[in-house]
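# Geometric and topological summary
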Amino acid sequence: MKKILGIIAVILLSPALVLAATPTILDTLPVTGTYFSNVTSTSFTYTVPAGGQNKLEIVYIVANRGDAVISATQNGVSMTCSGKFNVEVALQLGNRFNCYLAAPTSGTLAISYTSSNYGWVEPLTVKDAKQTTPIDDAQICGNAGTTSLGCNVTTTVGNDLLL
């Protein structure tokens, strides 16, 4: 979960099986990301943590341009990327996207944009995640400068992981 000036990004991940273990983050927290500045692509090495089964890599991306179409690969394998998150926020500070890949392998994480962007990328891997259509819901919630945050999300299965 990334909190920026009172704004929370929410991604709900579905478990691998109903009544299965709750998806768990394998990376060491806090997750390390990388910043990019005025580029149409960025890449860096991402090592998928050892252990667990039903792994899912999730990449959280913030870009300054809302018209950017995001595409990503992990070790040469195409990831599924969303459009912008649903927004429930009075002051939007950048545009949020997410990409995911089931059964990822370590290597180069490469992200491309249709226009020059500034922002950051944060990858992480979870275990015990559903391998097809794993994102249950994704929202941006809150207001800049608030002391408390609320967010309405709708889940379709139990044991979701809130990021």
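Data block above holds the structure.
The text that follows walks through the structure, step by step, so that each part is easy to find. All figures in this text were calculated on a predicted structure; none of them were measured in a lab.

### Notes on the state of the cysteines
- Counted under the stated rule, the structure contains one disulfide.
- Across a sulfur-sulfur distance of 2.1 Å, Cys81 and Cys99 are joined as a disulfide pair. Sign of the S-S torsion, about 105 degrees for the bond between Cys81 and Cys99, identifies this disulfide as right-handed. Of this pair, Cys81 sits in strand E8 (residues 80–81) while Cys99 sits in strand E10 (residues 95–102), and the two are 18 residues apart along the sequence.
- For Cys81, a relative accessible area of 26% gives the class partly exposed.
- Taking relative accessible area as the criterion, Cys99 reaches 0% and is therefore assigned buried.

### Some thoughts on the nonpolar core
- Formed by 17 residues in total, the largest nonpolar core has its most connected members in Val59, Ile61, Leu109, Ile111 and Val121.
- Looking at this core, the elements that each hand over two or more residues are strand E4 (34–46), strand E5 (56–63), E10 and strand E11 (107–127).
- Sorting elements by how many residues they give to this core places E11 first, with four residues.
- In this view, Val121 contacts Gly33, Thr34, Phe36, Thr42, Phe44, Val59, Tyr60, Ile61, Leu109, Ile111 and Tyr113; residues no more than four positions away in its chain are not counted.

### Quick word on the environment of Phe97
- Here Phe97 is to be found in strand E10.
- Through-space distance from the C-alpha of Phe97 to that of Cys81 is 7.3 Å; in sequence the pair is 16 residues apart.

### Remarks on the environment of Lys127
- Secondary-structure assignment places Lys127 in strand E11.
- A relative accessible area of 27% means that Lys127 is categorised as partly exposed.
- Look past the residues within four positions of Lys127 in its chain and what remains in contact with it is Pro23, Thr24, Leu26, Gly52, Gln53, Asn54 and Lys55.

### A word on unusual backbone geometry
- Residue Pro30 is bonded to the preceding Leu29 through a cis peptide linkage, with omega at 0 degrees.
- Note on placement: Pro30 falls in the loop between strand E3 (24–25) and E4.
- Phi at Ala103 is positive, roughly 50 degrees, even though this residue is not glycine.
- In this structure, Ala103 sits in the loop between E10 and E11.

Conventions adopted
Residues numbered from 1 in each chain as written. Predicted model: local features only at pLDDT ≥ 70, side-chain atom pairs only at ≥ 80, totals over all residues. Heavy atoms only, no water. Disulfide = S-S within 2.5 Å. Helix = DSSP H or I, 4+ residues; strand = E, 2+ residues; numbered from the N terminus. Buried < 20%, exposed > 50% of the residue type's maximum accessible area, 1.4 Å probe, protein only. Core = buried A, V, L, I, M, F, W, Y, C linked by side-chain atoms within 4.5 Å. Contact = heavy atoms within 4.5 Å.

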